[in-house]
Amino acid sequence: MVQIPNSAAPALPQQQSVPTSADVARLAGVSRATVSYVLNNTSAVRISEPTRRRVHEAAKELGYVPHAAARSLRAGHSRLVLMPAPSVPIGPLYSQFINELQWALSRLDYTVVQYASVGLRGDEAARAWAELRPAAVLVPVGGLGPQGVAVLKRSGARAVVTLGSERIEGAHSLLIDHAAVGHLVGAHLYARGRRRIGVVVPEEPGLKVFSKPRLDGVRRAVQGTDASVTVLPLAYEEESAAALAARWPELGLDAVFAFNDEYAMLLMRALQDEGVAVPEDTALVGADDLLLGRLLRPRLSTVHIELPSGPDLAELVDSAVRNPGAAPETHHLLGATLVHRDSS
């Protein structure tokens, strides 16, 4: 029989108390009010740089983090900006824009939270967002209507900002004119002597919000002329591009607007594999002006899209939070310029 010796259970590590602003004040040799002013980035009170540095160093040494809920109680609202994750695929251009915006909002002392509301849309999604009691909700691409805006405002959201192609009642609307992108391409291809123009329409769910106005813009650019427009459904897959390229002779197209640079690169390679010369047989234009498009051979003609800067949009959100009773504003954001390179 094996005897198991009695031994005392190992002592659990003693739980340390959570550091408070009073602890930070004592270590830095300042008042609790000064700690609050420094860590909340209060601009109304002038505090010397050495004092700010002492407070930050003390907070770091103690591991002190301000209590968001307490700060919200003092301010009368949270500093949370909710950004629902887009329900549609977004490319590098928009991803960079959203990242820049999040950084700029954090510099204004907002906490930015991305919310992945998978399967939720419209009012149902708005109710899920409202549970977090954000100060502002910034909806990147579609999926919110007037009823959803009302739900968010009743829950205490001081600002609802939408980014899309249509104005939403009750929200600050940031409008992007994708039809202008298509119009630029259609006019460019017609001016280059192209008359049988194909327009790629992605098959990926959700991208219709971008592709339809771009297609409409091309059609408007050549309306009343001898040019024709052919819709080209295309999935973002090599097999889909190869199948489309194999049909190229029967389509008889001498130009194509490939929706954006990523689809343009996909289609260009498939066309070249089929022996279709770009631009000799078919001119090709993308959109977004990605760096990779300049590295292709032939270099890709495209549309350079000018989105607002992150700091500018962050200031707009901050102003809307500080003035919740102001009438909703509409801003037209997108500037577009055709960049002519070798592929057209």
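With that settled, the discussion passes to the overall build of the protein chain. The secondary structure content of the protein chain amounts to 14 helices and 12 strands. The buried share of the protein chain, taken over its 344 residues, is 47%. Of the roughly 18,100 Å² of accessible surface on the protein chain, 52% is carried by carbon and sulfur atoms.

Interhelical geometry of helix 2 (residues 32-39) versus helix 3 (residues 49-62) gives an angle of 90 degrees and a closest axis separation of 10 Å. Here helix 2 lies roughly perpendicular to helix 3, going by the angle between them. Across from Thr34, Val35, Val38 and Leu39 in helix 2, the residues of helix 3 making contact are Thr51, Arg52, Val55, His56 and Ala59. Classifying every residue of the contact of helix 2 with helix 3 gives five nonpolar, three polar and one charged.

So, about the environment of Pro205. Considering the arrangement of structural elements, one finds Pro205 in the loop between strand 6 (196-202) and helix 9 (208-222). Of the residues examined, Pro205 reaches a relative accessible area of 68% and is grouped as exposed. Expressed as a C-alpha distance, the spacing of Pro205 and Ala235, which sit 30 residues apart in the sequence, is 9.9 Å.

Taken together, the side chains of Leu291, Leu292 and Leu295 present a nonpolar region at the surface, about 320 Å² in accessible area. Looking at the element boundaries, Leu295 is found in helix 13 (residues 291-295).

As a packed pair, helix 10 (residues 238-246) and helix 12 (residues 261-273) sit with axes 8 Å apart at the nearest point and diverge in direction by 50 degrees. Classified by the angle between their axes, helix 10 and helix 12 sit oblique to one another. In this structure, helix 10 crosses over helix 12, and the sense of that crossing is right-handed. Where helix 10 approaches helix 12, its residues Glu238, Ala241, Ala242, Leu244 and Ala245 are matched on the opposing element by Leu266, Leu267, Ala270 and Leu271. Classifying every residue of the contact of helix 10 with helix 12 by side-chain character gives eight nonpolar, no polar and one charged.

On to the sheet that holds strand 4 (residues 159-164). Strands pair in a sheet through their backbones, by hydrogen bonds, and they do so in one of two ways: parallel or antiparallel. Pairing in this open sheet of six strands is parallel, and the strands run 2-1-3-4-5-11 from one edge to the other. Each having just a single partner strand, strand 2 (111-115) and strand 11 (330-332) make up the two edges of the open sheet. The mean inter-strand angle of the sheet, taken between neighbouring strand axes irrespective of direction, is 15 degrees.

A separate point is the environment of Pro213. Along the chain, the position of Pro213 falls in helix 9. The exposure class of Pro213 is buried, given its relative accessible area of 18%. Residues Pro213 and Asp177, 36 residues apart in the sequence, show an inter-C-alpha distance of 8.0 Å. With sequence-adjacent residues up to four places away left out, Pro213 is seen in contact with His178, Ala179 and Lys208.

Here we come to the sheet that holds strand 9 (residues 283-285). What the four strands build is an open sheet, ordered 7-6-8-9; its pairing is parallel. The open sheet has two edge strands with one neighbour each: strand 7 (228-234) and strand 9. Pairs of neighbouring strands in the sheet enclose a mean axial angle of 20 degrees, with direction left out of account. Of the pairings in the sheet, the one linking strand 6 to strand 7 comprises seven bridges and is parallel in character. Note that in strand 7 the partner of Val199 across the bridge is Val231. Across the sheet, helix 9 lies against strand 6, strand 7 and strand 8 (255-257), angled at about 170 degrees from strand 6, the strand it touches most. In the packing of helix 12 onto the sheet, contacts are made with strand 6, strand 7, strand 8 and strand 9, and the angle to strand 9 comes to roughly 155 degrees.

Reading guide: rules and limits
Residues numbered from 1 in each chain as written. Predicted model: local features only at pLDDT ≥ 70, side-chain atom pairs only at ≥ 80, totals over all residues. Heavy atoms only, no water. Helix = DSSP H or I, 4+ residues; strand = E, 2+ residues; numbered from the N terminus. Buried < 20%, exposed > 50% of the residue type's maximum accessible area, 1.4 Å probe, protein only. Areas by Shrake-Rupley, 256 points an atom, 1.4 Å probe, with all protein chains shown as cover. Axes fitted to C-alpha atoms, helices over the stretch in contact; angles between N-to-C directions. Parallel < 35°, antiparallel > 145°, perpendicular 65-115°, else oblique. Contact = heavy atoms within 4.5 Å. Nonpolar A, V, L, I, M, F, W, Y, C, P; charged D, E, K, R; others polar. Patch = residues over 30% accessible without salt bridge, like charges linked within 9 Å, V, L, I, M, F, W, Y side chains within 5 Å. Salt bridge = Lys/Arg side-chain N within 4 Å of Asp/Glu carboxyl O. Left-handed = near helix turned anticlockwise from the far one by under 90°. Pairing = 2+ DSSP bridges.

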